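# Examination of the molecular architecture
Given next are the chains, with one letter for each unit.
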Amino acid sequence: MNNLNKPIYVTQPALPELEEFIPYLEQIWENKILTNNGPFHQQLEKELSDFLGVPYISLFANGTLALITALQALRITGEVITTPYSFVATTHALWWNNIKPVFVDIEPEYCNLDPEKIESAITPKTTAILPVHVYGNPCNVERIQEIADIYGLKVIYDAAHAFGVRYKNVNVCNYGDLSVLSFHATKVFNTMEGGAIISHDASAKQRVDYLKNFGFASETRVIAPGINSKMNEMQAALGLLQIKNHESNIVKRKKIRDLYRNKFANISGLSTLNISESTEDNAAYFPIFIDENEYGVSRDRLYDTLKQHNIFSRRYFYPLIADFPMYKNLSSAIPDNIKTAKRIAEQVICLPIYPSLKMNQVNRICTVIGNNSSSRG
Ligand code: T4K
């Protein structure tokens with residue numbers, strides 16, 4: 001099929017050549033170690049910590065279990081301050097730990113938790129802050145740490161979007177007490193499903209590793225009610241191959257991002273996301289924000305028109321987490337408390353961006369978006 005008519009999805013996973021994967025599979029079949037900290041798992045932990053420039057990494061079956069385990073590892077209880085503008089897994093991880101989420105609004109420039117609104121949400125029950133580096137843009141990590149230090153709170157970053165992102169020349173996962181990555185199929189680095197916790201000292205990693213393996217500290221000693229959230233050998237083997245292609249994949253993503261930015265520079269009512277200062281980003285997502293009055297067409301109308309053209313974008317993150325039935329009755333979920341998040345959730349569309357997306361496909365997407373705008377011509 002001519003790629004001008006082919007459906008285009010918001011993302012498509014990058015994969016190595018199949019032939020490259022076969023020798024890894026042969027090795028797994030040969031040595032019969034399928035999981036439980038096998039050789040590929042150990043190798044991937046080592047290679048990823050070198051590649052990312054982070055001290056300790058613990059691999060997981062997925063990012064959600066890593067988030068749940070990170071909260072367990074730091075014994076977080078009571079109330080946790082978090083953002084309503086994320087994928088549901090961020091808040092679900094609190095729910096699974098019987099922790100009350102307290103939503104704080106986001107700032108409009110990068111869509112991250114607004115540090116200036118955190119303090120007024122702190123109560124005697126608050127034990128931690130769970131911010132998200134949304135679309136890979138680093139949160140205001142310095143200000144968040146300052147507040148955490150004053151109030152004696154832990155900080156766990158949901159860094160699901162931030163694989164490889166550097167802030168002030170260090171990997172952004174070096175901030176906070178723990179950071180959590182996702183290696184889901186839809187992420188910039190995937191192991192089909194997968195995730196990780198980044199920790200800063202050997203004892204924190206040790207605890208995380210016990211918890212992800214039922215709490216086993218030795219063959220006969222269980223030190224905590226842990227869970228099974230281990231990454232298996234096939235996932236780890238794929239991860240080893242993915243590291244090799246990662247940098248060239250990011251270059252391809254950035255070319256697409258630049259083309260979009262160029263094409264959208266003069267469309268009124270359509271804005272794009274800035275990259276925060278001192279950041280080496282990963283072009284994980286390409287969100288656009290539609291101001292209906294200026295653009296002339298509503299966000300949802302544009303979303304549907306794109307669909308009619310076989311272009312399947314996503315409204316990450318609409319609806320807000322605070323609007324889902326299990327959270328909407330929390331007092332922090334009221335619209336007045338999260339005004340900026342409400343507005344942005346009504347305006348956002350994430351456009352397709354992935355390494356194998358062709359420039360003529362990007363042009364096709366831009367043409368639909370340009371033709372819909374009332375400001376064209
Ligand atoms: N925290 C944050 C901030 C997150 O964004 C996420 C995950 C998590 C935590 C949790 O991490 P994990 O437990 O997932 O590791 C997707 C992903 O399922 C989810 O992982 C991701 N965030 C979220 C932002 O997006 P959906 O419902 O949009 O996925 P889906 O299956 O509709 O995929 C979107 C498009 O991607 C499809 O239309 C086609 C394409 N696709 C997808 C898959 C799964 C493929 O081409 N191949 C595939 O295998 O949630």
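Placed above this text is the structure.
Residues numbered from 1 in each chain as written. Predicted model: local features only at pLDDT ≥ 70, side-chain atom pairs only at ≥ 80, totals over all residues. Heavy atoms only, no water.

Okay, the site of the ligand next. Around the ligand, 25 residues are found, and the nearest of them are T64, D158, S182, R314 and Y316. One of the side-chain N or O atoms of D158 is found 2.7 Å from a nitrogen atom in the ligand. A distance of 3.2 Å separates an oxygen atom of the ligand from a polar side-chain atom of H184. Contributing elements (two or more residues each) for the shell around the ligand: α3 (63-73) and α4 (89-96). Here the shell around the ligand is built from residues that sort into ten nonpolar, twelve polar and three charged. (Near = heavy atom within 4 Å. Polar contact = N/O pair within 3.5 Å; in protein donor to acceptor, adjacent residues only side chain to side chain. Helix = DSSP H or I, 4+ residues; strand = E, 2+ residues; numbered from the N terminus. Nonpolar A, V, L, I, M, F, W, Y, C, P; charged D, E, K, R; others polar.)

Take the sheet that holds strand β8 (residues 170-171) next. In space, the three strands of this open sheet follow the order β8-β7-β12, with antiparallel pairing throughout. Sheet topology places β8 and β12 (279-280) at the edges, where each strand pairs with a single neighbour. Pairing analysis gives two bridges linking strand β7 (residues 166-167) to β8, with the strands arranged antiparallel. Looking at β8, one finds that Y167 is bridged to V170. (Pairing = 2+ DSSP bridges.)

Turning our eyes to something else, we now look at the packing of aromatic side chains. The tally for this structure, following the rule as stated, stands at 19 aromatic pairs. Look at Y85 and F317: their rings are 5.6 Å apart centre to centre, the planes differ by 85 degrees, and that puts the pair in the edge-to-face class. Linking Y85 in the loop between β3 (79-82) and α4 with F317 in the loop between β14 (311-312) and α10 (339-347), this pair joins segments that are 232 residues apart in sequence. Note on accessibility: Y85 and F317 belong to one class, buried. (Phe/Tyr/Trp six-rings, centres within 6.5 Å; stacked < 30°, edge-to-face > 60°. Buried < 20%, exposed > 50% of the residue type's maximum accessible area, 1.4 Å probe, protein only.)

Listing the buried residues of helix α9 (residues 299-308) in full gives R299, L302, Y303, T305 and L306. The arc that holds the buried residues of α9, viewed along the axis, is 165 degrees, so those residues lie on one side. Exposed side of α9, more than 90 degrees from the buried face: R301 and Q308 are the residues found there. On its buried face, α9 sits against β13 (286-290), α8 (292-295), β14, α10, β15 (348-351) and α11 (359-372). Immediately beyond the C-terminal end of α9, within one or two residues, lies N310, with a positive phi of roughly 70 degrees. (Arc of directions from axis to C-beta. Contact = heavy atoms within 4.5 Å.)

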